[in-house]
Amino acid sequence: MDLFEIRGGTLDVIAEEAEHQDLSRDSTIMADREARPPRGVSTFQRFSVGTNESLHFEPCEDSLPSPTPPEDELDDDNVFREGETEGEIVTVRNRLQGKVAEMENFAGHLEEIFLTVEENFGRQEQHLEQHYNDVLLTLSQRYDERAAGLEEEKKGKLEALYKQLLACGRAMDASKELIETAQKVYRSQDKRLFLKAVMPTIKRIEDFAKEEVELTLSTSLEFNTPLSDMSDVKTMMDSINVVPAPSAPVINPQMPNSASQTSLRVCWSLFSDDTVEYYELYYRPVLEDTPADSSCAPPVSKVKVKETHCTVADLLPNAQYELWVTATNTTGISPASEKALYMTVPSPPVIKQRECTSCPEAALIRWESGNTNPVDSYTVELSEMGTDATENAITESIVAVPTCQCVIQLQTGRRYLISVRAVNIGGPSDRSEVITVSTTGTLFYLLEETAHSCLSISEDGFTIFYGDEELPISAMALDDNNTFSRCVAVLGDLIPVRGRHYWEVEVDDGTEFRIGVASEDMERNSYLGANNTSWCMRHILTPSRHKFEFLHGGCSPDLRITVNPVRVGVALDYERGTLSFFNVDLEQHLHTFHCNFPKYVQPCFGLDNPGALTVHNGIEAPEYAFI
């Protein structure tokens, strides 16, 4: 009978008994309720013990009636007893259900053991049959070899006897011929012929007598019976009870999310017929600069386990490891598996906050990998901050980012916490340090690599200084395609999003400046506003007044500004194709360029005489900026 059928039948019987017990308890309770004496009847009883009768109770009718409790008190008592009984039933039922569950688990365990025993028996039977066939094959080969040897020996003996038989026949024929010749000579009547023939005949008889005829057998009639070497057969017979050495394990390729920064989970498999006592997992780091000479290779570490999986700890982050495994039992050690490459999880990336920019609609996040080995991708995680500066429990993720930067679409007027994780086949790294990004306004930093050599940039990255020292010859002769060489200027790192951007520039009355935007491919040996790839507002000091120009391609409209702006607002609108300048203190519009801006532009700031200017960004644009 199948074990599952036995288990199912047993459990059904247990369930039926439990149900029958519950019904019996319910019927007993109902019978007790019906058998209770009616209210007002005496509950005192007397009893007598008969000699051959069981204990018998009889109502005592003539006894004094006992005081009867109130009806409400009896009802409460009955309810209490019924509640206790129902509680006991529930307790017993729960115990029975627990026992049923335990028996089901035990039966399942027995079933697993039954299947395991059956599988082991099948393997042993197959193993025994294989050994039996090998022994029969070996014995059959030995029989064929021995039979072939006997056949060759028989053939040799028969050929030798046949040759000896022919020699005897020839000798007998020669002897017979001599006898007949001698008799013929002897019987001859002619003396002359007798004398002539007798001497040759005698000569022939003498020569024949000198010939030796072998009259013993030239070969033995017995066959050689050498002892057969059956040691290999004996070894095979003995090996029937010996477990064979295991075959080489097969190490599995690394599974996704199977590692941490300092650990790897390795799995392998083995043929089902092999019996193994333990495995030994070997591993060592793979270093790119390691020469081919094995003497300089990193040391090999080893872990001994009994399962077909192992977690290796104390490893380097984002490092490749070479792993292989062997299996061992009482007979011996298997060959090593093929080597596999595993990788630990990368180190957390490092966000370059000075290179991160944002606007009301998006943010550009840049980071460094922080790992020597390349990673597969990056995951950017962001969560919105609440009004009470607490982090929202909901975290959004942008996965499979291939490079070390990402533009994230955000909602206007919010604050976000953003972090980055590096991902390889082993899994994601710990998250980087969290930065706060606000979408109130446009935020950018000045690009120091584009700054003229005479410019200095403050530590916060928002103020530029032009000193009184003369321009050095080495700086004038510097040939750098990314650095301004003639115009003392610097570019800002504006986020590449075609939306609305606003920033302000604080200047002094005595400073000649150029502020505006320029394409990234603007020639660095040209002045801002003197070409078709830059648009700027220029302030010039003259002996009579402050002159302002709005330059593009070297041309400027004829405009006169009566009040010198101390704080200039710059509004860039990609959708409308406009670049506007404002006097922030007076909320006064100064000028607007109209251009489609086919390429992304960057803020630009220049000084034509010694002085300083400060950029204010990350602020909310005023209402008049984009009317």
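Note that the structure is predicted; figures quoted are calculated from it, not measured. (Residues numbered from 1 in each chain as written. Predicted model: local features only at pLDDT ≥ 70, side-chain atom pairs only at ≥ 80, totals over all residues. Heavy atoms only, no water.)

Student: Can you help me understand the overall build of the protein in this one?
Tutor: A count of helical and extended segments in the protein gives five helices and 30 strands. Burial statistics for the protein: of 627 residues in total, 34% are counted as buried. Sequence separation of at least 24 residues holds for 67% of the intrachain contacts in the protein that already meet a minimum separation of 6. In the form shown here, the protein has an accessible surface area of approximately 39200 Å², with 54% of it arising from carbon and sulfur atoms. (Helix = DSSP H or I, 4+ residues; strand = E, 2+ residues; numbered from the N terminus. Buried < 20%, exposed > 50% of the residue type's maximum accessible area, 1.4 Å probe, protein only. Contact = heavy atoms within 4.5 Å. Areas by Shrake-Rupley, 256 points an atom, 1.4 Å probe, with all protein chains shown as cover.)

Student: Just checking my understanding: could you explain a nonpolar patch on the surface for this structure?
Tutor: On the surface, Phe106, Leu110, Ile113 and Val117 cluster together into a nonpolar patch covering about 350 Å² of accessible area. The residue Leu110 is located in helix H2 (residues 71-186) in this model. (Patch = residues over 30% accessible without salt bridge, like charges linked within 9 Å, V, L, I, M, F, W, Y side chains within 5 Å. Salt bridge = Lys/Arg side-chain N within 4 Å of Asp/Glu carboxyl O.)

Student: Got a minute to help me understand the layout of surface pockets in this structure?
Tutor: The rolling of a water-molecule-sized probe over the atoms marks out the regions of remaining empty space. Size it by volume and the largest pocket reaches roughly 440 Å³. Along the walls of the largest pocket sit 21 residues, with Arg366, Leu447, Glu449, Asp493 and Gln602 positioned nearest its centre. Those elements giving two or more residues to the lining of the largest pocket turn out to be strand S12 (362-368) and strand S29 (601-607). Residue composition of the lining of the largest pocket, grouped by class: ten nonpolar, three polar and eight charged. (1 Å grid on protein atoms, 1.4 Å probe; cavity = no way out; pocket = protein on both sides within 12 Å on 5 of 7 lines; lining within 4 Å. Points joined across faces, edges and corners; volume = space filled by probe spheres on them. Nonpolar A, V, L, I, M, F, W, Y, C, P; charged D, E, K, R; others polar.)

Student: Would you mind going over unusual backbone geometry with me for this structure?
Tutor: Residues other than glycine predominantly adopt negative phi, and peptide bonds predominantly adopt the trans conformation. The backbone phi angle of Ala400 is positive, close to 55 degrees, even though this residue is not glycine. Mapped onto the elements, Ala400 comes out in strand S14 (residues 396-401).

Student: Teacher, can you tell me more about helix H3 (residues 191-210) here?
Tutor: Helical geometry note: an α-helix holds 3.6 residues per turn, so side chains three or four residues apart project in the same direction. When the terminal C-alpha atoms of H3 are compared, their 28 Å separation across 20 residues agrees well with the 28 Å that a helix rising 1.5 Å per residue should span. The sharpest bend along H3 reaches about 30 degrees and sits at Val198, with the proline Pro200 one to four residues further on. (Expected span 1.5 Å × (residues − 1). Bend = angle between axes of the 7 residues up to and from the residue.)

Student: What is the right way to look at the sheet that holds S29 in this model?
Tutor: Strand pairing in a sheet relies on backbone hydrogen bonds, with the paired strands running either antiparallel or parallel. Strand order in this open sheet of five strands is S21-S29-S23-S24-S25, and the pairing throughout is antiparallel. Looking at strand neighbours, the two that pair on one side only are strand S21 (489-491) and strand S25 (546-551), the edges of this open sheet. Here the strands of the sheet are splayed against their neighbours by 15 degrees on average, with no regard to which way each runs. (Pairing = 2+ DSSP bridges. Axes fitted to C-alpha atoms, helices over the stretch in contact; angles between N-to-C directions.)

Student: Before we go on, may I ask you to explain the confidence of the model for the protein in this structure?
Tutor: Detail in the predicted coordinates should be disregarded across regions flagged by low pLDDT. With 81% of its residues at a pLDDT of 70 or more, the protein has an overall mean of 81. Confidence drops under pLDDT 50 across residues 1-11; counting only partners more than four residues distant or on other chains, this segment forms 14 contacts. (pLDDT = per-residue confidence, 0-100.)

Student: Just checking my understanding: could you explain the pattern of salt bridges for this structure?
Tutor: A side chain with one charge may pair with a side chain of the opposite charge, provided their charged atoms come close. Counted by the stated rule, this structure contains 17 salt bridges. Linking Lys154 and Glu151 is a salt bridge whose minimum nitrogen-to-oxygen distance equals 3.5 Å. One end of the pair is Lys154 and the other is Glu151, both in helix H2 and three residues apart, which spans about a single turn. A salt bridge links Arg538 to Glu549, with the nearest nitrogen and oxygen atoms 3.8 Å apart. Pair noted here: Arg538 is in strand S24 (residues 534-541) and Glu549 is in strand S25, with a separation of eleven residues, a long-range link. The buried category is assigned to Glu549, whose relative accessible area is 14%. Among the ionic contacts, a cluster of salt bridges with common partners joins Arg514, Arg538, Lys547, Glu549 and Asp608.

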